[in-house]
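Report on the structure
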Amino acid sequence: MNFGRGPSVVLNVGGTRYSFAREVLKDFPLRRVSRLHGCLSEQDVLEVCDDYDRERNEYFFDRHSEAFGFIMLYVRHGHLRFVPHMCELSFYNEMIYWGLDGSHLDYCCQRRLDDRMSETCTYYAAEEPNGGPEVKGRRPPGAEGRKWLERMRRTFEEPTSSVAAQVLATVSILFVIVSMVVLCASTLPEWRAPENRSVEEQSRYTAESVREPSGIIEAICIGWFTAECIVRFIVSKNKCEFVRRPLNIIDLLAITPYYISVLMTVFTGENSQLQRAGVTLRVLRMMRIFWVIKLARHFIGLQTLGLTLKRCYREMVMLLVFICVAMAIFSALSQLLENGLDLGTKNKDYASIPAACWWVIISMTTVGYGDMCPITVPGRILGGICVVSGIVLLALPITFIYHSFVQCYHELKFRSARYSRSLSAEFLN
């Protein structure tokens with residue numbers, strides 16, 4: 001510290017005094033307090049605190065003393081929680097004043113803050129450290145280019161980060177909806193009539209299909225998705241990480257079949273290969289259903305579902321193991337009771353254990369299609385036990401999956417609220 005004397009300094013926050021060694025301020029976790037270490041004059045000190053007593057080397061802060069006490073608990077123990085009976089937004093305002101943000105809060109308090117901010121639509125902007133026009137004017141070489149790339153990346157990756165990102169997300173959603181409507185309409189009997197033509201007519205139809213309105217709409221949608229994917233790849237920070245992300249893999253799976261089908265249409269000219277190519281083309285065109293998953297980039301609900309499945313894969317595997325074990329037991333017993341014993345009444349639907357597995361799975365999941373059912377008294381008793389055990393076994397891991405889903409939802413919602421702050425600032429500007 002370059003101003004003041006004495007081996008220690010005193011912070012007076014709302015009447016509560018805290019004494020620290022002078023050297024502790026240099027690496028103090030609170031940014032406003034650590035700024036005192038670099039003050040060269042009394043004017044610099046008064047820009048950080050409200051008043052200063054030179055004789056006692058005491059710095060006065062006209063802030064909430066109880067809130068600062070909880071913030072000091074975070075400095076000492078690493079856990080930051082809300083003050084009881086204090087408004088979350090007021091405490092958050094105190095946090096920003098001392099140089100903290102919402103990520104320093106414990107998870108339970110993050111959820112409370114997220115809900116409160118969502119209800120009131122109130123957002124705070126963190127104070128710039130050592131802010132000033134002179135500091136902002138000194139930028140390293142290439143900073144403008146990196147800032148532009150970061151802005152482009154956020155525009156394409158975070159739909160709530162700016163107005164341009166919201167417009168881009170809306171356009172992308174419209175293209176997905178249009179492509180899905182065209183895909184559904186292409187399965188109507190009127191659209192499928194050309195499939196009944198002869199080989200020669202089918203060849204001409206395949207070559208000319210891209211010229212029809214549906215083909216033109218499909219080409220436009222694919223062009224938009226391709227351009228969007230290329231731009232996002234160019235502006236990404238880590239190209240390898242970009243390729244490994246699940247949503248980007250889904251984008252690739254949605255785009256690639258179109259180009260494969262076009263190449264097959266161009267290069268498949270022989271009649272011997274036409275029928276096989278036609279089946280392949282139908283499969284590739286039906287893979288456009290993956291475009292629906294692109295909506296996960298713009299909706300928190302689908303993102304929450306994907307993140308929950310990623311984090312709960314152990315619970316999902318456990319659920320599958322429960323089902324498989326129950327299927328093995330009940331299918332063997334049902335086949336024995338319905339068909340294996342020589343009781344004079346054999347149920348042909350349970351002729352084998354694999355056939356009985358179908359009955360077990362629809363019974364345990366309480367679907368009950370009714371296409372096969374036990375006819376013997378022991379078989380019906382076993383069916384009742386199978387249904388009850390299915391309800392119990394399926395309910396056991398659901399609690400863990402539910403809690404993980406709620407946690408993932410609040411995390412994604414909190415992240416979306418953070419990006420919405422920059423959107424609010426853009427509207428204000």
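Because the structure is a prediction, the values reported are computed rather than measured. (Residues numbered from 1 in each chain as written. Predicted model: local features only at pLDDT ≥ 70, side-chain atom pairs only at ≥ 80, totals over all residues. Heavy atoms only, no water.)

Next up on the list: helix α17 (residues 353–364). For α17, spanning 12 residues, the distance from its first C-alpha to its last is 16 Å, which sits close to the expected 16 Å at 1.5 Å a residue. Of the residues making up α17, those classed as buried are A356, C357, W359, V360, I362, S363 and M364. At the exit of α17 stands T366, carrying a positive phi of roughly 55 degrees. (Helix = DSSP H or I, 4+ residues; strand = E, 2+ residues; numbered from the N terminus. Expected span 1.5 Å × (residues − 1). Buried < 20%, exposed > 50% of the residue type's maximum accessible area, 1.4 Å probe, protein only.)

With that settled, the discussion passes to the packing of helix α16 (residues 313–340) against α17. Closest axis-to-axis distance for the α16/α17 pair is 8 Å, and the angle between their directions is 120 degrees. In terms of orientation, α16 lies oblique with respect to α17. Between α16 and α17 lies a crossing of right-handed hand. Across the interface between the two elements, I323, A326, M327, F330, S331, A332, S334 and Q335 of α16 pack against I353, A356, C357, W359, V360, I361 and M364 of α17. (Axes fitted to C-alpha atoms, helices over the stretch in contact; angles between N-to-C directions. Parallel < 35°, antiparallel > 145°, perpendicular 65-115°, else oblique. Left-handed = near helix turned anticlockwise from the far one by under 90°. Contact = heavy atoms within 4.5 Å.)

A few words on the UniProt feature "transmembrane region" (unreviewed entry) in the protein. Within this numbering scheme, the UniProt entry marks residues 163–188, 215–235, 247–269, 289–309, 316–337, 349–369 and 381–405 as carrying the feature "transmembrane region" (unreviewed entry). Secondary structure content for residues 215–235 is 100% helix and 0% strand, and the end C-alpha separation is 30 Å. End C-alpha to end C-alpha, residues 381–405 measures 36 Å, and it is 100% helix and 0% strand. (UniProt positions renumbered as here; feature names shortened; annotations may be inferred.)

Here we take up the side chain of T308. As for its placement among the helices and strands, T308 is situated in helix α15 (residues 300–311). At 2.6 Å, the side chain of T308 forms a polar contact with the backbone oxygen of T304. T308 has contacts with I401, S404, F405 and C408, leaving out every residue within four places of it along the chain. (Polar contact = N/O pair within 3.5 Å; in protein donor to acceptor, adjacent residues only side chain to side chain.)

Among the surface-exposed residues, F299, L302, L305, L309, M316, F405 and Y409 lie close enough to one another that they form a single nonpolar patch of about 590 Å² accessible area. Counting only elements with at least two residues in the nonpolar patch, the list comes to α15 and α18 (377–428). Considering the arrangement of structural elements, one finds Y409 in helix α18. Y409 sits in the partly exposed class, given a relative accessible area of 34%. (Patch = residues over 30% accessible without salt bridge, like charges linked within 9 Å, V, L, I, M, F, W, Y side chains within 5 Å. Areas by Shrake-Rupley, 256 points an atom, 1.4 Å probe, with all protein chains shown as cover. Salt bridge = Lys/Arg side-chain N within 4 Å of Asp/Glu carboxyl O.)

Another point: the nonpolar core. Across soluble globular proteins, you tend to see nonpolar side chains buried next to one another. With 37 residues, the main nonpolar core has L36, Y59, F61, F91 and W98 as its most contacted residues. Elements supplying a minimum of two residues to this core: β1 (8–13), β2 (16–21), α2 (42–48), β4 (58–61), α3 (65–77), α4 (88–98) and α5 (107–120). The element that contributes the greatest number of residues to this core is α4, accounting for 7 residues. (Core = buried A, V, L, I, M, F, W, Y, C linked by side-chain atoms within 4.5 Å.)

Our focus in this paragraph is α16. Taking 1.5 Å per residue, 28 residues should reach 40 Å; α16 reaches 38 Å between its end C-alpha atoms and fits that length. The complete set of buried residues in α16 reads E315, L319, I323, A326, M327, F330, S331, S334, Q335, E338 and N339.

Attention shifts here to the environment of I375. Residue placement: I375 occurs in the loop between α17 and α18. When the C-alpha positions of I375 and L337 are compared, they lie 9.7 Å apart, and in sequence the two are 38 residues distant. In this structure I375 touches E338, N347 and R380, once residues within four positions along its chain are discounted.

Further remarks concern the pairing of β4. The pairing of β1 with β4 spans 4 bridges and is classified as parallel. Of the residues in β4, the one forming a bridge with V10 is E58. The sheet contact formed by strand β3 (residues 51–53) and β4 spans 3 bridges and is antiparallel. Considered in β4, the bridge of D53 is made with E58. In textbook terms, the turn of a hairpin is the stretch between consecutive antiparallel strands, and for β3 and β4 this stretch comprises 4 residues, one of which, N57, has a positive phi near 55 degrees. (Pairing = 2+ DSSP bridges.)

Next up on the list: the packing of aromatic side chains. Throughout the structure, instances matching the rule amount to 11 aromatic pairs. Centroid distance Y18 to F68: 5.1 Å. Interplanar angle 70 degrees. Geometry classified as edge-to-face. Here Y18, found in strand β2, pairs with F68, found in helix α3; they are 50 residues apart in sequence, far enough to count as distant. Here W358 and Y369 contribute two aromatic rings whose centre-to-centre distance is 5.8 Å and whose plane-to-plane angle is 5 degrees, an arrangement assigned as stacked. In this pair, W358 is assigned in helix α17 and Y369 in the loop between α17 and α18, connecting sequence segments 11 residues apart. On the accessibility criterion, Y369 (57% relative accessible area) is exposed. Cluster of aromatic residues (ring-pair linked, three or more members): Y18, F61, F68, Y97 and W98. The cationic tip of R32 hangs over the ring face of Y97; the distance from NZ or CZ to the ring centre is 3.8 Å. Against the face of F233 rests K239, its NZ or CZ located 5.9 Å from the ring centre. (Phe/Tyr/Trp six-rings, centres within 6.5 Å; stacked < 30°, edge-to-face > 60°. Lys NZ or Arg CZ within 6 Å of the ring centre and 35° of its normal.)

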